[in-house]
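Structural overview
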Amino acid sequence: MAHNGTTQNGVAEEIPALPFPEPVKVQDIRHTKIFINNEWLTSSSGRTFPTFNPATCVKICDVEEGDKEDVDNAVKAAKAAGQRGSPWRKMDVSSRGKLLHMLADLVERDRVLLATLETLDTGKPFLQSFFIDLDGSIKTLRYYAGWTDKIQGKTMHVDESFMCLTKHEPVGVCGAIIPWNFPLLMFMWKIAPALTCGNTIVIKPAEQTPLTALHVGSLIKEAGFPPGVVNIIPGFGPTAGAAIASHMDIDKVAFTGSTEVGQLIKEAAAKSNLKRVTLELGGKNPCIVFADCDLQMAVEETQRGAFYNQGQCCTAASRVFVEETIYDEFVRRSVENAKKIVMGDPLDPQTTHGPQIDQQQFDKIMDLIESGKNEGARLEYGGAAVGEKSLFIQPTIFSEVKDHMRIAKEEIFGPVQCILSFKSQRKAVERANSTQYGLVSAVFTTSMDKALSVSAALDTGTVWINCYNNLHVQIPFGGCKMSGNGRELGEYALAEYTEVKAMIIKLSETL
Ligand code: NAD
Ligand code: NW8
């Protein structure tokens, strides 16, 4: 992991040698209000809500609680800011890119503070916040900053009497609703491509983790974005979130979170103004491990895939299918590998595993672990909570998992690795695909032929071959089936944030 000086790919060069960056002391958190029109506002209802540190279960601070009325105000600001003739709409596209680069510079300047806030609010190990979340956030801003002057339409030929072209215009006011597992990174995945294409935004961070988004609000103002271009409404799902999904003046909504809420979002969009919807939902992501693979590498990658961010990833490697002939050895090595995980204070640089986000998630995971034990899976490692009144759960490994068990079917969103065995390649692919989800999958083999034929048959938006959780800004990310609609990152995400206008020009005379 990041703390031993290597990246997810084992590449050392990007990460500075010791001393590690140290978390800053966050005496008083400065930004806890609603951010509309580059101003900090109290909530219309007068209510606030607490945000907790999941590592200690101690309140960090209170945050203003946005609701429908605040969303309405934010949408008014966003609409005005994006209108034809507004400074944002008239701005030359290179200047738009410069603003995004300026924001990236400010995020870089405040990198240690943002990583500290992210760790306090989520419980993820500080060095992961610093090296993965902050790195991904900065890269996302810079990547899309480079696209602002490269948004191009096309021309089409009909005959000599016509000139036809397309223009890629902003969609308008974009709503975004994001989860608590990667609060800062998801904020950037939403705002960066939207701003690149000239849209304005109303974004709601998850109620568990509002702090980094609000700090970035202050950086957006400092960078010089015109008022109203980005508006941030901390608050709850059924109130502020639902107001975004059903708003008549929001033209598009992007959501990351649970499948159930994804369905509500699409329903609300349909029943209001048919706003465009992109969804990034859950997964029950399969790995297929063949006997001819590099065994130790497969053990390490699949396990990191299962336990990364305490298993709280839509990409969590939650079903590992291992070829029968190497099954016992794979399980043995997985247990050995899990012993290296260091649970503890997320601010400690030695820590590689933190707490779950909240009591609700903790209870759901513990219930699923119990179901695994009761349904006859073999508990190989972990399987218990740590201490009393804490949200830490031991990294847990089950072997002899069968397809019908709840732990093989339901998204767990916790540190639970399920290892299944297979004999035939055809059957393994069939079982991997027999889920409503289709986010990511992975294949481990040294045979190029196997890798390519199996990955062609897997119904997922991403297939990793001999690696896992390998995300890059230039590579599209998103799901098939009930894992979602649309793609984030890369050039593909731009299509979700532009409206194509076709112009057909009849020439009065052909010469
Ligand atoms: P959730 O889907 O309820 O929350 C995600 C976001 O949606 C939050 O900002 C929340 O406030 C908002 N939201 C909730 N209800 C809403 C509504 N009715 N209308 C509009 N917005 C609404 O997820 P959760 O309850 O925090 O977690 C439940 C499960 O969801 C997890 O156990 C996990 O399986 C899954 N999950 C997936 C992801 C992911 O990255 N795909 C992230 C978080 C949770
Ligand atoms: C955007 C993201 C990344 C990046 C690196 C390493 C491990 C896990 C993740 C990850 C730009 C550049 C790099 C990860 C992030 C989000 C999700 C799941 C895994 N992202 N990373 Cl939802």
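Structure: see above.
Conventions and cut-offs
- Residues numbered from 1 in each chain as written.
- Chains lettered and ligands numbered in written order.
- Predicted model: local features only at pLDDT ≥ 70, side-chain atom pairs only at ≥ 80, totals over all residues.
- Heavy atoms only, no water.
- Pairing = 2+ DSSP bridges.
- Helix = DSSP H or I, 4+ residues; strand = E, 2+ residues; numbered from the N terminus.
- Axes fitted to C-alpha atoms, helices over the stretch in contact; angles between N-to-C directions.
- Contact = heavy atoms within 4.5 Å.
- Buried < 20%, exposed > 50% of the residue type's maximum accessible area, 1.4 Å probe, protein only.
- Salt bridge = Lys/Arg side-chain N within 4 Å of Asp/Glu carboxyl O.
- Disulfide = S-S within 2.5 Å.

Taken together, the 7 strands give an open sheet; going across it, the order is β14-β15-β16-β13-β12-β17-β18, and neighbouring strands pair in mixed fashion. In this open sheet, the two edge strands, each paired with only one partner strand, are β14 (378–381) and β18 (462–465). Averaged over all pairs of adjacent strands, the angle between strand axes in this sheet comes to 25°, irrespective of strand direction. Pairing analysis gives 4 bridges linking strand β17 (residues 440–444) to β18, with the strands arranged parallel. Within β18, the position partnered with Val443 by the bridge is Ile465. Contacts between helix α12 (residues 359–374) and the sheet are confined to β14, β15 (396–399) and β16 (416–422), with β15 contributing the most and set at about 30° to the helix. Across the sheet, helix α14 (residues 425–433) lies against β12 (286–289), β13 (319–323) and β16, angled at about 145° from β16, the strand it touches most.

With that out of the way, let us pick up unusual backbone geometry. Phi at Phe413 is positive, roughly 60°, even though this residue is not glycine. Its identity is not glycine, yet Lys481 carries a phi of approximately 45°, on the positive side. Among the secondary structure elements, Lys481 is positioned in the loop between β18 and β19 (484–485). Classification of Lys481 as partly exposed rests on a relative accessible area of 37%.

For the rest of this paragraph, the subject is the pattern of salt bridges. Summed over the entire model, instances satisfying the criterion amount to 31 salt bridges. Each of Arg84, Lys167, Glu169 and Lys501 takes part in one network of salt bridges that share partners.

Tallied over the full model, the rule gives 0 disulfides. Here Cys197 stays free of any disulfide, with the sulfur of Cys174 as its closest cysteine sulfur at 8.5 Å. Judged by its relative accessible area of 4%, Cys197 falls in the buried class.

Relative to the assigned elements, Met503 resides in strand β20 (residues 498–506). Residues Met503 and Ala493 lie 10 residues apart in sequence; the distance between their C-alpha atoms is 23 Å. For Met503, the residues in contact, after removing those within four places along its chain, are Met163, Cys164, Leu165 and Lys167.

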